[in-house]
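# Breakdown of the fold
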Amino acid sequence: MPIAAAALRAAAQTPGGLPARHCVKVQGIGAAAWSSAQATCPGFLYNAWMPTDLARPAGKIRVGVSSCLLGQRVRHDGGHKFDATVAGLLAGCFELVPVCPEVEAGMGVPREPVRLVRGGGEVRMLGLSSGKDHSEAMRGFASRRAAELTALGLGGYILKKNSPSCGVTGVPTCTDDGAAAAPDRGLFVAALVEALPGLPLIEEDKLVDAALRENFIAEVRAYSASSGKSG
Ligand code: SF4
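Residues numbered from 1 in each chain as written. Predicted model: local features only at pLDDT ≥ 70, side-chain atom pairs only at ≥ 80, totals over all residues.

In the vicinity of the ligand, the contacting residues are Ser66, Ser67, Cys68, Val74, Arg75, Cys100, Pro101, Glu102, Lys160, Ser163, Ser165 and Cys166. Across the shell around the ligand, the residue classes tally to five nonpolar, four polar and three charged. (Near = placed C-beta within 6 Å. Nonpolar A, V, L, I, M, F, W, Y, C, P; charged D, E, K, R; others polar.)

Now the structure itself:
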């Protein structure tokens, strides 16, 4: 049964003390109800409050996203890392452009997990057990894909934390002999930052914080407006 917009509104606590009429809330609904609610009130945040002005954006800015966060089964073990905030709230605010660098670079599913290894003045992406070096293939792909994404006029990017490809900062890195080394960023993100130096980036775990989430949304809108790519 479709969920009426009125049924999504309630008079309890709301984010930032906003009047309830400016917010929607949905809790614990199943897949069918999810679809109905999306149609009724695009962009609602599953199981949480959200301002309706975010639910009904005037324009759709393109934002890149690590595919696994949208539930796509692209991880090395064939799994995903579905994130309700990304799939719910931010999919309503933005046109999400999913990218899985490792799959698009031809590494396949399932595949051997990789890690970042620092040595000889560079950081390489190596197979966890085999030691196979994916660095050149990933850097080549990342550079080409970053150019394509630049042409799409992205306003921001949401990335999977700690990934050797997608992590923005603090990705675990080791030396050739397995000792801990200074953390780095994922190889795909390094190419992205080089192609689009000012692009707002955020890792998915930050989005649960309302202030950080709203700040990211504001940054994306400002970046997009300043580069004339909104809408
Ligand atoms: S973190 Fe990035 S590379 Fe890894 S599965 Fe997700 S999208 Fe693919």
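Take the packing of helix α6 (residues 135–151) against helix α7 (residues 187–195) next. Close contact between α6 and α7 brings their axes to 8 Å; oriented N to C, the two are set at 40 degrees. Between α6 and α7, the angle is such that the two are oblique. Both α6 and α7 take part in a crossing whose hand is right-handed. Contacts between α6 and α7 involve Ser135, Met138, Arg139, Ala142, Ser143, Ala146, Ala147 and Thr150 from the former and Leu187, Phe188, Ala191, Leu192 and Ala195 from the latter. A breakdown of the residues in the contact of α6 with α7 according to their chemical character gives nine nonpolar, three polar and one charged. (Axes fitted to C-alpha atoms, helices over the stretch in contact; angles between N-to-C directions. Helix = DSSP H or I, 4+ residues; strand = E, 2+ residues; numbered from the N terminus. Parallel < 35°, antiparallel > 145°, perpendicular 65-115°, else oblique. Left-handed = near helix turned anticlockwise from the far one by under 90°. Contact = placed C-beta atoms within 7 Å.)

Attention now goes to helix α8 (residues 210–226). Its 17 residues place the ends of α8 24 Å apart at the C-alpha level, agreeing with the 24 Å of an ideal helix rising 1.5 Å per residue. For α8, every residue scored as buried is listed here: Arg213, Phe216, Ile217, Val220 and Ser224. Each buried residue of α8 lies within a common arc of 95 degrees when the element is viewed along its axis, so the set occupies one face. Residues of α8 that are exposed and point over 90 degrees away from its buried face: Ala211, Ala218 and Ser226. Looking one or two places after α8, you find Gly228, whose phi comes out positive at around 65 degrees. (Expected span 1.5 Å × (residues − 1). Buried ≥ 20, exposed ≤ 12 C-beta atoms within 10 Å, placed from the backbone. Arc of directions from axis to C-beta.)

Here the focus is the nonpolar core. Val63, Leu90, Tyr157, Ile158, Phe188 and Leu192 are the most contacted members of the largest nonpolar core, which totals 47 residues. Excluding its chain neighbours within four sequence positions, the residues that come into contact with Leu90 are Val63, Thr85, Leu96 and Ile158. (Core = buried A, V, L, I, M, F, W, Y, C linked by C-beta atoms within 7 Å.)

Turning next to the environment of Thr150. With respect to the secondary-structure elements, Thr150 resides in helix α6. Taking the C-alpha atoms as reference points, Thr150 and Leu199, separated by 49 residues in sequence, lie 9.9 Å from one another. Discounting residues that sit within four places of it in the chain, Thr150 has contacts with Ala195 and Leu196.

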